[in-house]
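Results of the structural survey
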Amino acid sequence: MAATRTASRACEIFTTLEYGPAPESHACALAWLDTQDRHLGHYVNGQWLKPEHRSSVPCQDPITGENLASCLQAQSEDVAAAVEAARASLENWSTQPGAFRAQHLTRLAKAIQKHQRLLWTLESLVTGRAVREVRDRDVPLAQQLLQYHAVQAHTQEEALAGWEPMGVVGLILPPTFPFLDMMWRICPALAVGCTVVVLVPPATPTPLLLAQLAGELAPFPGILNVISGPDSLGPVLAAQPGVQKVAFCGATEGGLRLLIQEAVWDETMRRLQERMGRLRCGRGLDGAVDMGARGAAARDLAQRYVREAQSQGAQVFQAGSVPSDSPFFPPTLVSDLPPASPCAQAEVPWPLVVASPFRTVKEALAVANGTPRGGSASVWSERLGQALELAYGLQVGTVWINAHGLRDPAVPTGGCKESGSSWHGGQDGLYEYLRPSGTPAWIPYLSKTLNYDAFGLALPSTLPAGPETGPAPPYGLFVGGRFQAPGARSSRPIRDSQGSLHGYVAEGGAKDIRGAVEAAHQAAPGWMSQSPAARAALLWALAAALQRREPNLVSRLERHGVELKVAKVEVELSVKRLRAWGARVQAQGCALQVAELRGPVLQLREPLGVLAIVCPDEWPLLAFVSLLAPALVHGNTVVLVPSGACPIPALEVCQEMATLLPAGLVNVVTGDQDHLTRCLALHQDIQALWYFGSAQGSQFVEWASAGNLKLVWVNRGCPRAWDQEAEGAGPELGRRAARTKALWLPMGD
Amino acid sequence: MSAHQQGTELDLSWISKIQVNKPAVLRRAEQIQARRPVKKEWQAAWLLKAVTCIDLTTLSGDDTASNIQRLCYKAKYPIREDLLKALNMHDKGITTAAVCVYPARVCDAVKALKAAGCDIPVASVATGFPAGQTHLKTRLEEIRLAVEDGATEIDVVINRTLVLTGQWKGSDFIKTSTGKETVNATFPVAIVMLRAIRDFFWKTGNKVGFKPAGGIRSAKDSLVWLSLIKEELGDEWMKPELFRIGASTLLADIERQIYHHVTGRYAAYHDLPMS
């Protein structure tokens, strides 16, 4: 019979009708930690690796502070060992038929299903997140991810013919991350045939558990290796020979910004506060709890933010039943924060929501797009037209209409601006780990002698260099639809293959780049709103114009030592490419049908914005056109730096563009390639930079572009066969010239 | 039942402005079933609360005085005495909220309850239950007769013809359906109704009650219903004055759960008195 204590409690509860705790036991998580004697190492090549003489870091329960286990801190040798294991299994894994890899991934999904309780308990215990979030959302999604990618692997030979897996992929994860972030990235990598080395911060046991589950599925133990170590090992991982790509995920705060139209402000705030009052905070492993805690550091951050917001004049509302002891922080609603205050610019920490009013859709877009963040957003409106206007206008990777936070493996998730430049999920996620067949493997080349501060800084002075022979080329920088004089007011000589002076071209500098980028931005909205058919028509007109100019272009190329036959082919191919890209872009965009959702998810291909291109010296005309065409046709506006040795054919094309294209659509700046590259790479308002120059230049571009996380494509100094279809006009160019936005439209009335 | 409320002027513009985000409602309905598990002594207490909100119902073609009497007795003693004693709730007057029968059986119900010494109300379904497709005159007469016989609550079937042509009426309680349809009380429907009750309360200050009926058979379900009310409307609505569950077999399942809580064992059907 029940004790009298519970009996009297029942009496009390009958009147108060409070919820009680619904604790989940974490015995299984502790039991698993015990199998490693509470001392976790790394998991490499299907075995636990516990090298000697390593320091270790305690793994603590974020809510009680209790020590759960200790985790080793890796050193460079451990990273090397892991990469070696991944490399050893790469050959075998990538040459398996896709169907085999598909089966392997399905088996891993089943293994997760069998051990799901252990997985969600461990994750909830260690990260402090509410168990129902991990159990009901993360774990099923992880299984779905594996299933989806198994299907992709199965059809890889037909659907992705012409693409091959990159090789060994490194993955670096931030201090607090859900294990799901890891799954989003390793699933596509493994599915297409890459092998993975994951560097996790110590004190995160869940990836080790996943690696163990994967490793026990013989016969491919080395495809997933997990090392726990400090993030200083990141460069070590990237520099290992054999590692073809490193994906990294930065830490993001979990707070939200809420923009509410003034007319519904009061009603919305009231309902929001009412609902907040019902939220329950508590230990993550309590099944009846809505939110857990993320540790003392997260709570302090939230605390600081609230205090600062209040000092800047904001109203703060906190509610919900929250245990008074740390590190719990109640769900908080901050309103009336002046838009110019520092808090309004900063990232909002979890679990805060900052609410601001707006009057019109235009204002809402301006406010929402006015931050460097561009991850995801949801739009709530009953008016379809209005909702879609916002959805199209928001500069983010994912938009939900009348819903929030929906995720599916088939829908690509990415971002723009500083939310990153890579995708996971869907087809885009697969391409992250693929390269066109036959591309040579990347050898890490890091010139330690490259002086980032000095690269391209100095402009060589140019002096008169002899008489110009033959017809003078068009002179000036083609910016804003016409030829302009360069800001520096000097020129550089272009010598032909005989050594005599072909002509002078303008010496462009930083100011000219600035002007060109501005002109491109001005032309962007008009160009973006053109239909694919309109863009195609312009490209066709340009193709016809080039065809008329053929004798002129051929003679310019001949002067630079190109054989007549080859020059003719070059011009012909250029014309052909312009027409081909125009035709290609007409078939774009598609709607996905997503499981568990009624209603479509639109995959929109959107232009990147302003695309800067530094053209190679090989095939000076053809490369110029081959790069220009896909960029333009996808809705971007372009700033180009033509070949340094032979820019004149490009300038001839500019004369045609002056009459045919809207001003500012294409801008061409001639000059010292390194100097102009520097200006472009350091420019924060260029959305992507394609560089086909030297290896050193490639390294500089990659380093400098981290400033605004612009998309980058470099050739690392290797010439490209522009005349070949695959390299000169292949699908890779089209993929890189646009980005995907996922637009979720749940249906139902 | 609470005092009869005054109500407000009918304002049809309220109804035309209503928007329901169906996918979001469906998501919330799914969530609510997993989000608030209630265990151990909390579960026992909640289940007893659920019992006090049940309208113990029998609406069969073969209802006679004898099964009505059994039902009324069960309404007065819904949970076995010793189980209630173990929870120290035997003297709290735990009975169901009401007994719900067809109009012709109201007399029998009133008699049986009087004999058992119980003062819980007798509710009668009326107005051409369940289809409501009879003449207004007979429907009104039905209500009058039922009240004469001693019924103090009436479950009225609304005239769907009037609804579909936008002619609405007010009431003290709203019920999900007669319970005799193919789809009865589901969570998405309930969420929309509860939000409407909340909006009405915010606008006018009047509290309208809620009664789901049909298909609520398991104790676990009744807990979810209670937590749904708690989440959407708050603690004040979790009482028989504002919340009723129209059910018949639910009581048996609740009793078995309480048996399990008290003894740690699963009861056989013959261990507990039938209703």
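Residues numbered from 1 in each chain as written. Chains lettered and ligands numbered in written order. Predicted model: local features only at pLDDT ≥ 70, side-chain atom pairs only at ≥ 80, totals over all residues. Heavy atoms only, no water.

All names here are of chain B. According to UniProt, the "active site" (unreviewed entry) feature falls on Lys 175 and Lys 211. These annotated residues cover 37 residues of sequence, and their C-alpha atoms lie no more than 4.5 Å from one another, placing them together at a single site. Within the secondary structure, Lys 175 sits in strand β5 (residues 173–175). If we ignore the near neighbours within four places in the chain, the residues touching Lys 175 are Asp 155, Met 193, Lys 211 and Ala 213. Note that Lys 211 resides in strand β6 (residues 209–211). Non-local contacts of Lys 211, meaning those with residues more than four positions away in its chain, are made with Asp 55, Cys 100, Asp 155, Phe 173, Ile 174, Lys 175, Thr 176, Arg 244 and Gly 246. A polar contact of 2.7 Å, which involves the side chain of Lys 211, links it to the side chain of Asp 55. (UniProt positions renumbered as here; feature names shortened; annotations may be inferred. Helix = DSSP H or I, 4+ residues; strand = E, 2+ residues; numbered from the N terminus. Contact = heavy atoms within 4.5 Å. Polar contact = N/O pair within 3.5 Å; in protein donor to acceptor, adjacent residues only side chain to side chain.)

In this section: the side chain of Arg678(A). Residues and elements named next belong to chain A. Along the chain, the position of Arg 678 falls in helix α23 (residues 673–682). No salt bridge is formed by the buried Arg 678. Its closest oppositely charged neighbour is Asp 453, at 5.1 Å. For Arg 678, the contacting residues outside a window of four places in its chain are Tyr 452, Asp 453, Ala 454, Phe 455, Gly 456, Leu 457 and Phe 700. (Buried < 20%, exposed > 50% of the residue type's maximum accessible area, 1.4 Å probe, protein only. Lys, Arg positive; Asp, Glu negative; His and termini not counted. Salt bridge = Lys/Arg side-chain N within 4 Å of Asp/Glu carboxyl O.)

Our focus in this paragraph is unusual backbone geometry. All names here are of chain A. Residue Pro 351 is bonded to the preceding Trp 350 through a cis peptide linkage, with omega at -5 degrees. Mapping Pro 351 onto the fold places it in the loop between α13 (342–345) and β14 (352–358). One non-glycine residue, Asp 336, adopts positive backbone phi at about 60 degrees. Mapped onto the elements, Asp 336 comes out in the loop between β13 (332–335) and α13.

Moving on, we get to the packing of aromatic side chains. All names here are of chain A. Counted by the stated rule, this structure contains 19 aromatic pairs over all chains. Aromatic side chains Phe 100 and Phe 220 sit 5.7 Å apart centroid to centroid with 70 degrees between the ring planes, which places their arrangement in the edge-to-face category. In this pair, Phe 100 is assigned in helix α4 (residues 98–114) and Phe 220 in the loop between α9 (206–215) and β9 (224–228), connecting sequence segments 120 residues apart. Exposure remark for Phe 220: the relative accessible area of 4% places this residue in the buried category. Aromatic side chains Phe 692 and Trp 722 sit 5.3 Å apart centroid to centroid with 70 degrees between the ring planes, which places their arrangement in the edge-to-face category. Separated by 30 residues along the polypeptide, Phe 692 in the loop between β27 (688–691) and α24 (695–704) and Trp 722 in the loop between β28 (711–714) and α25 (725–729) bring together distant segments of the chain. (Phe/Tyr/Trp six-rings, centres within 6.5 Å; stacked < 30°, edge-to-face > 60°.)

Each side of the interface is counted separately: chain A has 41 residues, and chain B has 38 residues. Both faces considered, chain A and chain B share a buried interface measuring about 3,700 Å² in area, 57% of it formed by carbon and sulfur atoms. The tally of links from chain A across to chain B stands at 3 salt bridges. In this structure, Arg271(A) engages Asp199(B) in a salt bridge whose closest nitrogen and oxygen atoms are separated by 3.2 Å. At the junction of chain A with chain B, the criterion picks out 11 residue pairs in polar contact (both at pLDDT 80 or more). At 8 residues, the largest contribution of residues to the side of chain A that touches chain B is made by helix α1 (residues 4–16) of chain A. (Buried area = accessible area lost by both parts, 1.4 Å probe.)

Residue and element names in this part refer to chain A. Between α4 and helix α8 (residues 179–192), whose axes approach to 9 Å, the crossing angle comes to 150 degrees. The orientation of α4 relative to α8 falls into the category roughly antiparallel. Crossing handedness for the pair α4 and α8: right-handed. Taking contact as the criterion, the partners of Arg 101, Leu 105 and Ile 112 in α4 are, on α8, Met 183, Leu 190, Ala 191 and Val 192. (Axes fitted to C-alpha atoms, helices over the stretch in contact; angles between N-to-C directions. Parallel < 35°, antiparallel > 145°, perpendicular 65-115°, else oblique. Left-handed = near helix turned anticlockwise from the far one by under 90°.)

In this section: the nonpolar core. Trp46(B), Leu48(B), Phe210(B), Trp225(B), Ile254(B) and Ile258(B) are the most contacted members of the largest nonpolar core, which has 75 residues in total. Per element, the largest residue contribution to this core is 8 residues, and it comes from helix α3 (residues 40–52) of chain B. Excluding anything up to four places from it in sequence, Trp46(B) contacts Ile13(A), Leu17(A), Glu18(A), Tyr19(A), Val38(B), Leu223(B), Leu226(B), Ser227(B), Lys230(B) and Met238(B). Among the nonpolar cores identified, the runner-up in size contains 71 residues, and Cys59(A), Ala69(A), Ala109(A) and Tyr431(A) belong to it. (Core = buried A, V, L, I, M, F, W, Y, C linked by side-chain atoms within 4.5 Å.)

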